[in-house]
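Given next are the chains, with one letter for each unit.
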Amino acid sequence: MARDTKTYQDYLDRFQRLCGIDTLSDDEKEFALQFFNRNLRFIYRAFDWPFVCLVEDRTPDADDQIDWAQAGETIIGEVMECWRDDPFGNSVPRTVPYNLTADGIQLYANASYDPTYVQFRTRLTECTGTVGYTFPYDFMEYVCHASYADWLASNEQTANSGFQRNVAEQILLDEIEQWTRQQKNQSLRGNTRTHGTEQVR
């Protein structure tokens, strides 16, 4: 079963209610879109969400390279680690050295394995304002409150903006805590980002 999602229209409706606006003007819709993309991008990278960060086995090409986009495979957005062994089937999987290039993951000629297990964050496609654009429902509350904080700041409501930013931060931490408990064991790479900081969980 596919993971539940929310749409950009869901976000717009919630954002509008938070702002107390009956109808968003074209300028307000443009600001809402900018806030949405910025905050979605932040939470997308804030934690190694298991529905965003995947481990897949990939076959290097003749030049010992794994392309960012291979036919029939999930597009790689951010490389987190490469292994010779399946990390879920080995307690101490052996890592594979690599360099990142404009075309993909370049493995060393003497350390190229088929398959190579790649942990990566999937590529996030930027929303262009299409109301049917979907994103993980887990991110909905954070994105809405963080965007509302941005809207308040743009209207020079500094104190209210700071309060909403704190609300958004707590929502983010609660989501991370929930997923950490569910995973039971420490993730393959346990870094958590909050605004301006990075923590190892």
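Residues numbered from 1 in each chain as written. Predicted model: local features only at pLDDT ≥ 70, side-chain atom pairs only at ≥ 80, totals over all residues. Heavy atoms only, no water.

(A) Seen up close, the confidence of the model for the protein chain. On average, residues of the protein chain score 90 in pLDDT, and 90% of them reach the 70 mark or higher. Low pLDDT (under 50) marks residues 190-201, which in the prediction has 37 contacts with non-local residues, meaning those over four places away or in another chain. (pLDDT = per-residue confidence, 0-100. Contact = heavy atoms within 4.5 Å.)

(B) Seen up close, helix 3 (residues 140-154). Counted at 1.5 Å a residue, the expected span for helix 3 with its 15 residues is 21 Å, and the 21 Å between its end C-alpha atoms agrees. Counting buried residues along helix 3, twelve of its 15 residues qualify, which places the element largely inside the surrounding structure. Among the residues making up helix 3, those that are buried are Met 140, Tyr 142, Val 143, Cys 144, His 145, Ala 146, Ser 147, Tyr 148, Ala 149, Asp 150, Trp 151 and Leu 152. Summarising the contacts, the buried residues of helix 3 are in contact with strand 1 (5-7), helix 1 (8-19), helix 2 (26-46), strand 8 (134-136) and helix 4 (158-183). Following helix 3 by one or two positions, Glu 156 has its phi on the positive side, about 60 degrees. (Helix = DSSP H or I, 4+ residues; strand = E, 2+ residues; numbered from the N terminus. Expected span 1.5 Å × (residues − 1). Buried < 20%, exposed > 50% of the residue type's maximum accessible area, 1.4 Å probe, protein only.)

(C) Summary view of the side chain of Asp 48. As for its placement among the helices and strands, Asp 48 is situated in the loop between helix 2 and strand 2 (53-58). Here the side chain of Asp 48 touches Arg 121 through a polar contact of 3.4 Å, side chain to side chain. (Polar contact = N/O pair within 3.5 Å; in protein donor to acceptor, adjacent residues only side chain to side chain.)

(D) Layout of the pattern of salt bridges. Inspection of the entire model under this criterion finds eight salt bridges. The partner of Glu 141 in a salt bridge is Arg 14, and the shortest N-O contact between them spans 2.6 Å. Placement of the pair is Glu 141 in helix 3 and Arg 14 in helix 1, with a sequence separation of 127 residues. Put simply, Arg 38 and Asp 150 hold a salt bridge, and the shortest N to O gap is 3.2 Å. One end of the pair, Arg 38, is in helix 2; the other, Asp 150, is in helix 3, with 112 residues separating them in the sequence. Residues joined in a network through salt bridges with shared partners are Arg 38, Asp 150 and Arg 165. (Salt bridge = Lys/Arg side-chain N within 4 Å of Asp/Glu carboxyl O.)

(E) Examining the side chain of Thr 116 more closely. The topology assignment puts Thr 116 in strand 7 (residues 116-122). In terms of polar contacts, Thr 116 uses its side chain to reach the backbone carbonyl oxygen of Tyr 113, at 2.6 Å. Each residue touching Thr 116, except ones within four places of it in the same chain, is listed here: Glu 56, Asp 57, Arg 58, Pro 60, Ile 66, Cys 82, Trp 83 and Leu 107.

(F) Seen up close, the packing of aromatic side chains. Per the stated rule, a full pass over the model turns up 16 aromatic pairs. Put simply, the rings of Tyr 8, Tyr 11, Phe 15, Phe 31, Phe 35, Phe 36, Tyr 133 and Phe 135 touch in pairs and so form one group of aromatic residues. (Phe/Tyr/Trp six-rings, centres within 6.5 Å; stacked < 30°, edge-to-face > 60°.)

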